[in-house]
Amino acid sequence: MSKSTLNTLTTIFGLAAGAANFLGSIGVINHGVAGTNGGIATAILGYLVQQPAAGEQQPQPK
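Residues numbered from 1 in each chain as written. Predicted model: local features only at pLDDT ≥ 70, side-chain atom pairs only at ≥ 80, totals over all residues. Heavy atoms only, no water.

Engineer: Describe helix α2 (residues 31-49), naming the residues involved and giving the relevant values.
Structural biologist: Residues separated by three or four positions in an α-helix point in the same direction, a consequence of the helix having 3.6 residues per turn. Relative to the 27 Å expected for 19 residues at 1.5 Å per residue, α2 spans 26 Å between its end C-alpha atoms, a close match to the ideal helical length. All buried positions along α2 are accounted for by Ala34, Gly38, Ala41 and Leu48. Here the buried residues of α2 occupy an arc of 85 degrees about the axis, which is enough to place them on one side. Of the residues in α2, the exposed ones pointing more than 90 degrees away from the buried face are Ala43 and Tyr47. In this structure, the buried side of α2 is in contact with α1 (3-25). Where α2 begins, the capping side chain belongs to Asn30, and its oxygen is found 2.6 Å from the backbone nitrogen of Gly32. (Helix = DSSP H or I, 4+ residues; strand = E, 2+ residues; numbered from the N terminus. Expected span 1.5 Å × (residues − 1). Buried < 20%, exposed > 50% of the residue type's maximum accessible area, 1.4 Å probe, protein only. Arc of directions from axis to C-beta. Contact = heavy atoms within 4.5 Å. Polar contact = N/O pair within 3.5 Å; in protein donor to acceptor, adjacent residues only side chain to side chain.)

Engineer: So what about the environment of Leu9? Which residues, and what values?
Structural biologist: Here Leu9 lies in helix α1. For Leu9, the contacting residues outside a window of four places in its chain are Met1 and Leu48.

Engineer: Give me the lowdown on α1, citing residues and values where you can.
Structural biologist: Taking 1.5 Å per residue as the helical rise, α1 with its 23 residues ought to reach 33 Å, and the 33 Å between its terminal C-alpha atoms agrees with that figure. Where α1 is buried, its residues contact α2. Looking one or two residues past α1, Gly27 carries a phi angle of roughly 85 degrees, positive in sign.

Engineer: Outline the environment of Glu56, listing residues and values.
Structural biologist: Inspection of the secondary structure assignment puts Glu56 in the segment after α2. A C-alpha to C-alpha distance of 9.4 Å links Glu56 and Ser2, two positions 54 residues apart in sequence.

Engineer: So what about the packing of α1 against α2? Which residues, and what values?
Structural biologist: Where α1 meets α2, the axes come as close as 8 Å, and the angle between the chain directions of the two elements is 160 degrees. Between α1 and α2, the angle falls in the class roughly antiparallel. The hand of the α1/α2 crossing is left-handed. On α2, the residues that touch Leu6, Leu9, Thr10, Phe13, Gly14, Ala16, Ala17, Ala20, Gly24 and Ser25 of α1 are His31, Ala34, Asn37, Gly38, Ala41, Thr42, Ile44, Leu45, Leu48 and Val49. (Axes fitted to C-alpha atoms, helices over the stretch in contact; angles between N-to-C directions. Parallel < 35°, antiparallel > 145°, perpendicular 65-115°, else oblique. Left-handed = near helix turned anticlockwise from the far one by under 90°.)

This is the structure:
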């Protein structure tokens, strides 16, 4: 994926995780639903931030 695409996706999933947490904390959505949505978004975000952008080299282990 291109760096621009990765940046866009990480922004979207970061906002989704934050919004779920916020809406759950003020009682707009159920805490269980907020936790599930936030957890899934955070897991996907964690995966995406580990992906190298197209054209970037993986660091070589020493």
